[in-house]
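Next come the chains, spelled out residue by residue.
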Amino acid sequence: MSQYKLDARHTLCPMPVIKTQNKIAELQPGDLLEVTCTDPGALNDIPAWCRINGHLVKETHDNDDEVIIVVQVAS
Amino acid sequence: MSTQTNSEQKRAVALISGGLDSLLAAKVMLDQGIHVEGINFYTGFCVEGHTHAIRKKDKAKPKRNNALWSAEQLGIKLHIIDIIDEYKDVLINPKHGYGANMNPCLDCKIFMISKAKQWMQENGFDFIITGEVIGQRPMSQRKDLLPVVVRESGADDLLVRPLCAKNLDATLPEREGWIDREKMKGFSGRNRKPQMSLAKEYGFEDYATPAGGCCFLTDKSYSDKLVDLWQARNKKEYELDDIMLLKVGRHLRPAPHFKLIVSREDGENKFLQGYKKRFGFIEIKSHNGPLTLIDGELSDEDLKLASRIAARFSQGREADIVTVKTTTKEGEEKLFDIPPMPSSEIKQEWYI
């Protein structure tokens, strides 16, 4: 299992979702991806995309200026 | 529900916009036992609640991507495809022209269905579904134009429109018995009641009903800003950041060679902060005030004029003097003590 980071700041949804989707396509099952966004909508959309596609949202953080979402790639 | 087994189950890719019609069209096919996956194309002009949610006052509104919401309701996968770069040619050179504003609806539909066909072939799917309804807005759904979409997209008879299929010639999936034409719908015209009734039958609630459609290009104010951008640059081209910024702030063009983008509140201020490396900008130092981006090359006199306008939108608008810092995109900083411009001097024609 490897850990990766994705900078999706200063982009508006759905770009953070598209970036997450495209990055996850390169990763292995079980890998962790930490996505940092400035669009608060990502806090809804990335988890929604993960639910649809079977990936697991391990953590979310909302610190006003940035939101962080940690996703574990589905096996 | 159909009894197709997995070995014979046909696979359809559904264009999911996030609106009611594409949701229903996909559901009609799911109910016939078809394996459906959604595809959603992002052009950069798609209307998303999040764009409005940049503004702090909108933060209490629920934020969701309606295409993702639709897919979740349907229990299907959704593939969101970035077509920003490819879409430029559709917008800049639309073969069939523009609608009421800068919306190239017919070319857009043809392009998206051609991309869906490409995706279908690359991913081993059998046919394409759209939520089109004959005679409904936008114009790409006019009766005489539906065949144009079929022909020019190259989808031919692999394009199924489940909501109005009974009004159209049978497609290959119908003729081959992959789907049952009798279970398709025969909707037509602008009356939304059949769709609302079907949504109720399926138990769909809280679906999206965007008043202005799903594309910023149908909006006059947005289209005016886009045309202004092209006129100022003397060429029809854009990058994603350009078209994002057209959605944010007050846009004023006090002179042909420069434009100001003045944030309207904290949320926009934060968003515009992300563009400080690409644009010159104005900050109000003596009072609370908006961040203002500068698009263009400005002389010192221009900077003073721009600063007076920016100060007008600050809490120092009634003060005799406001201290303003300007920073060029090369990083050169200047301080000005200037009187805010009275509102009577801000010309209406400066607003884009």
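Residues numbered from 1 in each chain as written. Chains lettered and ligands numbered in written order. Predicted model: local features only at pLDDT ≥ 70, side-chain atom pairs only at ≥ 80, totals over all residues.

1. So, the overall build of chain A
Step number 1: Within chain A one finds two helices and four strands.
Step number 2: Traced from its N-terminal end to its C-terminal end, chain A shows the element sequence β-α-β-α-β-β.
Step number 3: Over its C-alpha trace chain A gives a radius of gyration of 11 Å, about what one expects of a compact globule, namely 11 Å for 75 residues.
Step number 4: For chain A, the spread of C-alpha atoms along the three principal axes comes to 30 × 20 × 15 Å.
Step number 5: Considering only contacts within chain A whose residues lie at least 6 apart along the sequence, 63% involve residues at least 24 apart. (Helix = DSSP H or I, 4+ residues; strand = E, 2+ residues; numbered from the N terminus. Rg over C-alpha atoms; globule rule 2.2 N^0.38 Å. Contact = placed C-beta atoms within 7 Å.)

2. Some points on the packing of helix 1 (residues 15–24) of chain A against helix 2 (residues 42–53) of chain A
Residue and element names in this part refer to chain A.
Step number 1: Helix 2 packs onto helix 1 with a crossing angle of 35 degrees between their chain directions and a minimal axis gap of 9 Å. Our pair here, helix 1 against helix 2, has a crossing hand that is right-handed. Packed against helix 1, whose contacting residues are Pro-16, Val-17, Thr-20 and Gln-21, the element helix 2 presents Ala-42, Asp-45, Ile-46 and Trp-49 at the interface. (Axes fitted to C-alpha atoms, helices over the stretch in contact; angles between N-to-C directions. Left-handed = near helix turned anticlockwise from the far one by under 90°.)

3. Considerations on the sheet that holds strand 8 (residues 280–284) of chain B
Sheet strands line up and pair through hydrogen bonds in the backbone, either parallel or antiparallel.
Residue and element names in this part refer to chain B.
Step number 1: Strand order in the open sheet made by the six strands is 6-7-9-8-10-11, with antiparallel pairing throughout. Looking at which strands have only one partner, the edges of the open sheet turn out to be strand 6 (250–255) and strand 11 (333–338). Put simply, the sheet's adjacent strands are angled 25 degrees from each other on average, direction ignored.
Step number 2: Relative to strand 7 (residues 258–262), strand 6 runs antiparallel, the two being bridged by four bridges. Paired with Ala-255 across the two strands is Phe-258, which belongs to strand 7. (Pairing = 2+ DSSP bridges.)

4. A look at the domain arrangement of chain B
Step number 1: For chain B, the assigned domains read domain 1 (11–216) and domain 2 (248–350).
Step number 2: Taking only C-alpha atoms into account, the centre of domain 1 of chain B sits 41 Å from that of domain 2 of chain B. (Domains from an automatic or database assignment.)

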